[in-house]
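Working through the structure, step by step
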Amino acid sequence: MSAALTINDLRQRARGRVPRMFFQYSDSGSWTESTFRANESEFDEIRFRQRVAVDMRDRSLATTLVGQPAAMPLAVGPAAICGLQVADGEIKAARAAEKFGIPFSLSTMSIGSIEDVAEATSKPFWFQLYMMRDKPFMERLIDRAKAARCSALIMTMDLQILGDRHADVRNGLSAPPKFNLNSISQIVTRPGWAFGMLGAKRRTFSNVVGHAQNVEDLGSLASWIAGQFDQSLTWKEVGWVKDRFGGPVIVKGILDTQDAQLAVSHGADAIVVSNHGGRQLDGAPSSIRVLPEIVDAVGHKTEILMDGGIRSGQHMLKALALGAKGVLLGRPVLYGLGAGGEAGVTRAFEIIRKEADVTMALLGERDVRNIGPHNIYSNDLVRQQGH
Ligand SMILES: Cc1cc2nc3c(=O)[nH]c(=O)nc-3n(C[C@H](O)[C@H](O)[C@H](O)COP(=O)(O)O)c2cc1C
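Quick look at the structure, then.

The rules behind these values
- Residues numbered from 1 in each chain as written.
- Predicted model: local features only at pLDDT ≥ 70, side-chain atom pairs only at ≥ 80, totals over all residues.
- Heavy atoms only, no water.
- Phe/Tyr/Trp six-rings, centres within 6.5 Å; stacked < 30°, edge-to-face > 60°.
- Helix = DSSP H or I, 4+ residues; strand = E, 2+ residues; numbered from the N terminus.
- Buried < 20%, exposed > 50% of the residue type's maximum accessible area, 1.4 Å probe, protein only.
- Lys NZ or Arg CZ within 6 Å of the ring centre and 35° of its normal.
- Pairing = 2+ DSSP bridges.
- Disulfide = S-S within 2.5 Å.
- Near = heavy atom within 4 Å.
- Polar contact = N/O pair within 3.5 Å; in protein donor to acceptor, adjacent residues only side chain to side chain.
- Nonpolar A, V, L, I, M, F, W, Y, C, P; charged D, E, K, R; others polar.
- Axes fitted to C-alpha atoms, helices over the stretch in contact; angles between N-to-C directions.
- Parallel < 35°, antiparallel > 145°, perpendicular 65-115°, else oblique.
- Left-handed = near helix turned anticlockwise from the far one by under 90°.
- Contact = heavy atoms within 4.5 Å.
- Core = buried A, V, L, I, M, F, W, Y, C linked by side-chain atoms within 4.5 Å.
- Salt bridge = Lys/Arg side-chain N within 4 Å of Asp/Glu carboxyl O.
- Expected span 1.5 Å × (residues − 1).

**Things to note about the packing of aromatic side chains**
Enumeration according to the criterion identifies four aromatic pairs in this entry. Ring geometry for F23 against Y335: centres 6.3 Å apart, planes inclined by 35°, an arrangement best described as tilted. Residue F23 is found in helix α2 (residues 20-27), and its partner Y335 is found in helix α15 (residues 331-363); the two are separated by 312 residues along the sequence. Accessibility assignment for this pair places F23 and Y335 in one class, buried. Geometry around Y25 places R279 over its ring, the cationic atom sitting 4.7 Å from the centre.

Below, the structure is given as structure tokens:
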């Protein structure tokens, strides 16, 4: 894995190892993908302020995220079907995060279940909730997260209806894959993946199958999912989730200052500034562009995390300079899984840590918690938000 020097190196490696439908599921955005691209490219508009002749010894990237110690200001964001990028993907990513000392988030739509991840790890992880119409199922899901000692719930607010991702439609994506000529030809050209999958603990949505009423097999699962994302979701559900869970609730999918205020007034313990990695509202701004105005609006009241386009340690530090307490990592974890399972995910973390550490030294900073607006130049992206 040490040959991979950048996240893109891991991405290229994953592309050669993961069947096309799953690689493209991770690697695409909705419609024209303009928001997906902007998430990463707009980091280039921010320039660092170099300082010299500052004692740069004894640097520290350690911080806390939602009350939990973290080896760096990074957590693994929730991603569906990690366990189809590589066999037992959720368990592998969770173990890599635990060993690295950063929080891991498990998606509702994971392949490995809450209980599988709890059994494979010893530290608490975060569980991400999609609000479904089946309330008894939601109650049980929250109770299961509690029983598994999850230390926070992430409520994702930006996916009650699915943004069209053309690659997935063309590839006929499903979990597990439907067997037809197209999918079989994708799988036989990735024998390492297929061999691993034969020994996988799970191959379908294990938080759902056997837990939701009348979902016992794949046919019933597909129709359940299609009808379940709750389009009537409103802010009052945050309070309901908080009461049931009894621990911190992180509200994810905030791009607007009023929504940020509403999330806070409805009890969010932290928010994630996010456009779902450019997979939902194409044409929405990049996360880094709206981060400063959201920090201005609610930064004094709540902890602000962000995600979208983080591909390097420099991106992470730029988000911190604009007021985020930490960032979530989406696709780089999936590329790492595809590239080399647990070792690939660890490599993604190492790449980010090394770059963040050296960049901090060149900024003349020794403690990542001191990174702030003084480390960057104001420019159009930063100034228009009042910085
Ligand atoms: C393949 C894939 C699956 C995802 N699944 C979920 C999910 O199940 N729940 C969720 O809240 N966010 C999900 N996300 C969004 C991520 O949590 C995160 O917001 C986004 O990936 C961050 O952008 P990045 O990929 O550029 O780092 C998913 C993202 C990807 C790429």
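Having put the structure on the table, let's press on.
**Points about the sheet that holds strand β3 (residues 74-76)**
By definition, the strands of a sheet pair up through backbone hydrogen bonds, in either a parallel or an antiparallel sense. Read across the sheet, eight strands follow the order β3-β10-β9-β8-β7-β6-β5-β4 without closing on themselves; strand pairing throughout is parallel. Pairing within the sheet leaves two strands with one partner each, and these edge strands are β3 and β4 (105-106). With four bridges connecting them, strand β7 (residues 249-254) and strand β8 (residues 270-273) associate as parallel partners. Counted as the bridge partner of I254 is V273 from β8.

**Digging into the state of the cysteines**
Counted according to the given criterion, the structure contains zero disulfides. Free cysteine: C82, not disulfide-bonded; nearest cysteine sulfur from C150 at 15 Å. The class for C82 is buried, based on a relative accessible area of 5%. According to the relative accessible area criterion, C150 is buried, its value standing at 7%.

**Quick word on the site of the ligand**
Around the ligand sit 21 residues, and of these P78, S107, T156, D307 and G309 come closest. In the environment of the ligand, a nitrogen atom lies 2.9 Å from a nitrogen or oxygen atom belonging to the side chain of Y130. With respect to the ligand, the side chain of D307 contributes an N or O atom lying 2.6 Å from an oxygen atom. Of all the secondary-structure elements, those providing two or more residues to the shell around the ligand are α2 and α15. By residue class, the composition of the shell around the ligand is six nonpolar, 10 polar and five charged.

**Quick look at the packing of α2 against α15**
In the contact formed by α2 and α15, the axes pass within 9 Å of each other and the chain directions differ by 155°. What the angle tells us is that α2 and α15 run roughly antiparallel. Pair α2 / α15 crosses with left-handed handedness. Along its contact with α2, which presents F23, S26 and D27, the element α15 presents R331, L334 and Y335.

**Structural notes on the nonpolar core**
Counting 116 residues, the largest nonpolar core has V251, I271, L291, M306 and F349 as its most contacted members. Looking at this core, the element that brings in the most residues is α15, giving 13 residues. L65, A70, I154 and L305 belong to the second largest nonpolar core, which has 12 residues in total.

**Quick word on the pattern of salt bridges**
A complete count under the given rule lists 19 salt bridges for this structure. Of the charged contacts, one joins E350 and R347 as a salt bridge, the two residues approaching to 2.8 Å between their closest N and O atoms. Linking E350 with R347, this pair stays in helix α15, spanning three residues, or about one helical turn. Residue E350 is classed as partly exposed on the basis of its relative accessible area of 27%.

**Examining helix α4 (residues 89-100)**
With 12 residues, α4 extends 16 Å from end C-alpha to end C-alpha; this agrees with the ideal 16 Å at 1.5 Å per step. Burial of α4 is extensive: nine of the 12 residues sit out of reach of the surface. All of the buried residues in α4 are G89, E90, I91, A93, A94, A96, A97, E98 and F100. Tucked into the core, α4 has its buried residues touching β3, β4, α5 (114-120) and α15. A positive backbone phi angle near 85° is found at G101, which sits one or two residues after α4.

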